[in-house]
Amino acid sequence: MFKKLVSIALGAAKSGNSRVRDYAEVLFTVVSQKSVSPEIDTYCSNEIIGLAKSGKTTGPDHRLSLYRMLHSVGASSETSPFVLDALSPLLSKETNDAATQALVASVSPHIRFHLQNDIALPSAVLSTLTRELNGSKIALRRAMVSMIGDVLFSCHESHTSTGVFRSLIETLIPAFSANIKAVSNNPLSAPAGPLEGYVALACLLGVVASGTEGGELLRVRDKLLRLTSYLKKNRSRKTSRIRS
(Lines give C-alpha, C1' and ligand atoms only; values in the text may rest on other atoms or scores of the structure.)
Protein backbone atom coordinates (compact mmCIF):
# COMPACT_ATOMS: atom_id res chain seq x y z
CA MET A 1 0.00 0.00 0.00
CA PHE A 2 2.77 2.45 0.91
CA LYS A 3 4.59 1.90 -2.38
CA LYS A 4 1.40 2.32 -4.38
CA LEU A 5 0.65 5.65 -2.69
CA VAL A 6 4.23 6.79 -3.26
CA SER A 7 3.92 5.95 -6.95
CA ILE A 8 0.68 7.95 -7.19
CA ALA A 9 2.32 10.97 -5.53
CA LEU A 10 5.39 10.80 -7.75
CA GLY A 11 3.24 10.52 -10.85
CA ALA A 12 1.19 13.57 -9.86
CA ALA A 13 4.34 15.57 -9.13
CA LYS A 14 5.02 15.96 -12.84
CA SER A 15 1.66 17.57 -13.53
CA GLY A 16 1.61 20.96 -15.19
CA ASN A 17 -1.02 22.05 -12.66
CA SER A 18 0.58 23.62 -9.59
CA ARG A 19 -2.34 22.63 -7.35
CA VAL A 20 -1.96 18.98 -8.35
CA ARG A 21 1.77 19.15 -7.56
CA ASP A 22 1.01 20.69 -4.16
CA TYR A 23 -1.43 17.88 -3.35
CA ALA A 24 1.14 15.34 -4.50
CA GLU A 25 3.68 16.79 -2.06
CA VAL A 26 1.16 16.65 0.78
CA LEU A 27 0.28 13.03 -0.01
CA PHE A 28 3.91 12.00 -0.18
CA THR A 29 4.74 13.80 3.08
CA VAL A 30 1.89 12.09 4.92
CA VAL A 31 2.85 8.67 3.56
CA SER A 32 6.53 9.09 4.42
CA GLN A 33 5.76 10.35 7.91
CA LYS A 34 3.43 7.41 8.58
CA SER A 35 6.12 4.99 7.51
CA VAL A 36 8.06 3.40 10.36
CA SER A 37 10.20 1.24 8.13
CA PRO A 38 13.67 2.26 6.89
CA GLU A 39 12.90 0.07 3.88
CA ILE A 40 10.08 2.41 2.82
CA ASP A 41 12.29 5.47 3.37
CA THR A 42 14.99 3.89 1.22
CA TYR A 43 12.43 3.07 -1.46
CA CYS A 44 11.15 6.67 -1.46
CA SER A 45 14.61 8.20 -1.71
CA ASN A 46 15.59 5.75 -4.48
CA GLU A 47 12.52 6.64 -6.52
CA ILE A 48 13.00 10.41 -6.17
CA ILE A 49 16.73 10.47 -6.77
CA GLY A 50 16.42 7.99 -9.61
CA LEU A 51 13.99 10.31 -11.41
CA ALA A 52 16.17 13.37 -10.82
CA LYS A 53 19.37 11.67 -11.93
CA SER A 54 17.85 10.10 -15.03
CA GLY A 55 16.92 13.46 -16.51
CA LYS A 56 13.36 12.25 -17.03
CA THR A 57 11.76 15.13 -15.13
CA THR A 58 9.39 17.40 -17.03
CA GLY A 59 11.06 20.63 -15.90
CA PRO A 60 12.15 22.71 -12.89
CA ASP A 61 8.68 22.65 -11.28
CA HIS A 62 8.72 18.86 -11.34
CA ARG A 63 12.19 18.76 -9.76
CA LEU A 64 11.15 21.33 -7.16
CA SER A 65 8.30 19.06 -6.05
CA LEU A 66 10.60 16.03 -5.99
CA TYR A 67 13.17 17.76 -3.79
CA ARG A 68 10.46 19.01 -1.43
CA MET A 69 9.27 15.43 -1.14
CA LEU A 70 12.81 14.25 -0.49
CA HIS A 71 12.99 16.58 2.50
CA SER A 72 10.26 14.57 4.23
CA VAL A 73 12.06 11.22 3.86
CA GLY A 74 13.24 10.00 7.25
CA ALA A 75 16.96 9.96 8.05
CA SER A 76 18.53 6.61 8.92
CA SER A 77 21.75 4.66 8.56
CA GLU A 78 20.30 3.06 5.42
CA THR A 79 18.78 6.13 3.76
CA SER A 80 21.01 9.07 4.68
CA PRO A 81 24.29 7.92 3.04
CA PHE A 82 22.43 7.31 -0.23
CA VAL A 83 20.77 10.75 -0.17
CA LEU A 84 24.04 12.51 0.66
CA ASP A 85 25.94 10.69 -2.09
CA ALA A 86 23.44 12.09 -4.61
CA LEU A 87 23.91 15.73 -3.53
CA SER A 88 26.97 16.63 -5.60
CA PRO A 89 25.89 15.09 -8.93
CA LEU A 90 22.39 16.57 -8.64
CA LEU A 91 23.70 20.03 -7.78
CA SER A 92 26.05 19.97 -10.75
CA LYS A 93 23.07 19.45 -13.08
CA GLU A 94 20.56 21.80 -11.45
CA THR A 95 20.10 25.21 -13.11
CA ASN A 96 16.89 26.44 -11.46
CA ASP A 97 17.28 28.59 -8.34
CA ALA A 98 14.15 27.39 -6.53
CA ALA A 99 14.93 23.73 -7.23
CA THR A 100 18.51 24.29 -6.06
CA GLN A 101 17.32 25.71 -2.75
CA ALA A 102 14.90 22.81 -2.25
CA LEU A 103 17.60 20.25 -3.06
CA VAL A 104 20.05 21.75 -0.56
CA ALA A 105 17.35 21.95 2.13
CA SER A 106 16.40 18.31 1.54
CA VAL A 107 19.76 16.99 2.74
CA SER A 108 19.76 18.84 6.07
CA PRO A 109 18.04 16.04 8.06
CA HIS A 110 20.58 13.55 6.72
CA ILE A 111 23.61 15.68 7.52
CA ARG A 112 22.18 16.23 10.99
CA PHE A 113 21.71 12.47 11.40
CA HIS A 114 25.36 11.83 10.54
CA LEU A 115 26.61 14.51 12.93
CA GLN A 116 24.45 13.42 15.85
CA ASN A 117 25.35 9.75 15.43
CA ASP A 118 29.07 10.34 14.82
CA ILE A 119 28.94 8.92 11.29
CA ALA A 120 31.54 10.38 8.94
CA LEU A 121 30.18 12.49 6.10
CA PRO A 122 31.16 11.40 2.57
CA SER A 123 34.24 13.25 1.33
CA ALA A 124 32.32 14.51 -1.72
CA VAL A 125 29.73 16.10 0.56
CA LEU A 126 32.40 17.84 2.65
CA SER A 127 34.01 19.19 -0.52
CA THR A 128 30.65 20.44 -1.79
CA LEU A 129 29.80 22.17 1.49
CA THR A 130 33.12 24.01 1.77
CA ARG A 131 33.24 24.91 -1.93
CA GLU A 132 29.70 26.21 -2.28
CA LEU A 133 29.81 28.29 0.91
CA ASN A 134 32.09 30.58 -1.12
CA GLY A 135 30.79 29.61 -4.56
CA SER A 136 29.95 31.91 -7.46
CA LYS A 137 26.36 30.66 -7.91
CA ILE A 138 24.51 33.07 -5.65
CA ALA A 139 21.32 31.05 -5.16
CA LEU A 140 23.31 27.95 -4.28
CA ARG A 141 25.57 29.94 -1.96
CA ARG A 142 22.61 31.40 -0.06
CA ALA A 143 20.94 28.01 0.18
CA MET A 144 24.11 26.37 1.47
CA VAL A 145 24.70 29.10 4.07
CA SER A 146 21.13 28.79 5.38
CA MET A 147 21.20 24.99 5.45
CA ILE A 148 24.55 24.73 7.22
CA GLY A 149 23.55 27.36 9.76
CA ASP A 150 20.32 25.49 10.49
CA VAL A 151 22.13 22.14 10.86
CA LEU A 152 24.88 23.46 13.12
CA PHE A 153 22.50 25.30 15.44
CA SER A 154 20.05 22.40 15.66
CA CYS A 155 22.94 20.10 16.60
CA HIS A 156 24.18 22.67 19.10
CA GLU A 157 20.74 22.96 20.70
CA SER A 158 20.51 19.17 21.01
CA HIS A 159 23.92 19.18 22.75
CA THR A 160 25.65 17.25 19.98
CA SER A 161 29.35 16.90 20.77
CA THR A 162 30.48 14.09 18.49
CA GLY A 163 33.86 14.02 16.83
CA VAL A 164 32.26 14.31 13.39
CA PHE A 165 30.38 17.45 14.48
CA ARG A 166 33.55 19.15 15.78
CA SER A 167 35.47 18.03 12.71
CA LEU A 168 32.88 19.59 10.39
CA ILE A 169 33.10 22.93 12.22
CA GLU A 170 36.89 22.91 11.86
CA THR A 171 36.55 22.10 8.16
CA LEU A 172 34.11 24.98 7.62
CA ILE A 173 36.11 27.62 9.50
CA PRO A 174 38.09 28.88 6.44
CA ALA A 175 34.87 29.23 4.40
CA PHE A 176 33.11 31.02 7.27
CA SER A 177 36.09 33.35 7.68
CA ALA A 178 36.02 34.22 3.98
CA ASN A 179 32.30 35.01 4.19
CA ILE A 180 32.85 37.27 7.19
CA LYS A 181 35.59 39.17 5.36
CA ALA A 182 33.35 39.62 2.31
CA VAL A 183 30.54 41.06 4.41
CA SER A 184 32.76 43.17 6.67
CA ASN A 185 33.96 45.26 3.72
CA ASN A 186 30.45 46.22 2.66
CA PRO A 187 27.43 44.20 3.82
CA LEU A 188 25.19 45.48 1.02
CA SER A 189 27.52 44.49 -1.83
CA ALA A 190 28.60 41.07 -0.54
CA PRO A 191 28.07 38.31 -3.15
CA ALA A 192 25.21 36.66 -1.29
CA GLY A 193 24.20 39.67 0.77
CA PRO A 194 24.80 40.13 4.51
CA LEU A 195 23.21 36.76 5.33
CA GLU A 196 26.39 34.78 4.81
CA GLY A 197 28.43 36.88 7.22
CA TYR A 198 25.76 36.97 9.88
CA VAL A 199 25.24 33.20 9.74
CA ALA A 200 28.98 32.63 9.97
CA LEU A 201 29.26 34.91 13.00
CA ALA A 202 26.22 33.34 14.65
CA CYS A 203 27.58 29.83 14.16
CA LEU A 204 31.12 30.52 15.25
CA LEU A 205 30.34 32.90 18.10
CA GLY A 206 27.45 30.72 19.25
CA VAL A 207 28.37 27.13 18.49
CA VAL A 208 32.12 27.53 18.79
CA ALA A 209 32.13 29.91 21.75
CA SER A 210 30.19 27.43 23.85
CA GLY A 211 32.57 24.58 23.09
CA THR A 212 34.93 23.33 25.76
CA GLU A 213 37.18 21.35 23.47
CA GLY A 214 39.37 22.20 20.52
CA GLY A 215 42.07 24.83 20.87
CA GLU A 216 41.77 25.86 17.23
CA LEU A 217 38.05 26.52 17.61
CA LEU A 218 38.61 28.69 20.64
CA ARG A 219 41.37 30.64 18.87
CA VAL A 220 39.02 31.32 15.97
CA ARG A 221 36.36 32.42 18.44
CA ASP A 222 38.76 34.99 19.91
CA LYS A 223 39.63 36.29 16.44
CA LEU A 224 35.96 36.65 15.57
CA LEU A 225 35.24 38.49 18.78
CA ARG A 226 37.98 40.99 17.92
CA LEU A 227 36.61 41.30 14.38
CA THR A 228 33.10 41.93 15.68
CA SER A 229 34.41 44.66 17.97
CA TYR A 230 36.26 46.23 15.04
CA LEU A 231 33.15 46.18 12.83
CA LYS A 232 31.09 47.89 15.52
CA LYS A 233 33.69 50.65 15.94
CA ASN A 234 34.01 51.08 12.17
CA ARG A 235 30.22 51.34 11.78
CA SER A 236 30.08 53.97 14.53
CA ARG A 237 32.76 56.04 12.80
CA LYS A 238 30.90 55.92 9.48
CA THR A 239 27.66 56.94 11.19
CA SER A 240 29.39 59.86 12.89
CA ARG A 241 30.86 61.08 9.57
CA ILE A 242 27.46 60.90 7.88
CA ARG A 243 25.79 62.90 10.65
CA SER A 244 28.48 65.54 10.60
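Provided above is the structure to which this section pertains.
The present account deals with the structure reproduced in this document. The structure presented is a predicted model; accordingly, all values stated were derived computationally and were not measured.

**Observations concerning the pattern of salt bridges**
Working step 1: Inspection of the entire model under this criterion finds six salt bridges.
Working step 2: Here Arg21 ties to Asp61 by a salt bridge, and the two come within 3.7 Å at their closest N and O atoms. Of the two residues, Arg21 sits in helix 2 (residues 18-34) while Asp61 sits in helix 4 (residues 60-71), which places them 40 residues apart along the sequence.
Working step 3: Residues Arg141 and Glu196 are paired through a salt bridge, measuring 2.6 Å at the closest nitrogen-oxygen approach. Here the residue Arg141 occupies a position in helix 10 (residues 138-157), and Glu196 occupies one in helix 12 (residues 195-208), the gap between them amounting to 55 residues. Across the pair, Glu196 and Arg141 agree in class, each one buried.

**Quick look at helix 7 (residues 97-106)**
Working step 1: Looking only at helix 7, the buried set comprises Ala99, Thr100, Ala102, Leu103, Val104 and Ser106.
Working step 2: Each element contacted by the buried residues of helix 7 is listed here: helix 4, helix 6 (87-93), helix 8 (108-116) and helix 10.
Working step 3: Two or three places before Ala98, at the opening of helix 7, Asn96 has a side-chain oxygen 3.1 Å from that residue's backbone nitrogen.

**Some details on unusual backbone geometry**
Working step 1: Positive phi, close to 55°, is recorded for Asp118, a residue that is not glycine.
Working step 2: As for its position among the elements, Asp118 is in the loop between helix 8 and helix 9 (123-132).
Working step 3: On the accessibility criterion, Asp118 (45% relative accessible area) is partly exposed.
Working step 4: The backbone of His159 shows a phi angle near 65°, a positive value even though the residue is not glycine.

Analysis parameters
- Sequence order as written defines residue numbering, which begins from 1 separately in each chain.
- A pLDDT threshold of at least 70 governs which residues receive local features in this predicted model, and a stricter bar of 80 or more applies before side-chain atom pairs are shown or counted, although totals over entire chains, interfaces and linings include all residues.
- Hydrogen atoms and water are omitted, and side-chain values are computed over all heavy atoms in the structure.
- Salt bridge, as used here: a side-chain nitrogen of Lys or Arg that lies within 4 Å of a carboxyl oxygen of Asp or Glu.
- Each helix is a run of H or I in the DSSP string that is no shorter than four residues. Each strand is a run of E no shorter than two, and both are numbered from the N terminus.
- Think of it in three bands: residues with accessible area under 20% of the maximum for their type are buried, residues over 50% are exposed, and the middle band is partly exposed, with areas taken using a 1.4 Å probe on protein chains only.
- Only heavy atoms enter the contact rule, under which two residues are in contact if any of them lie within 4.5 Å.
- Any pair of N or O atoms that falls within 3.5 Å is considered a polar contact. Within protein, one atom must be able to donate a hydrogen and the other to accept it, and sequence-neighbouring residues count only if both atoms are side-chain atoms.

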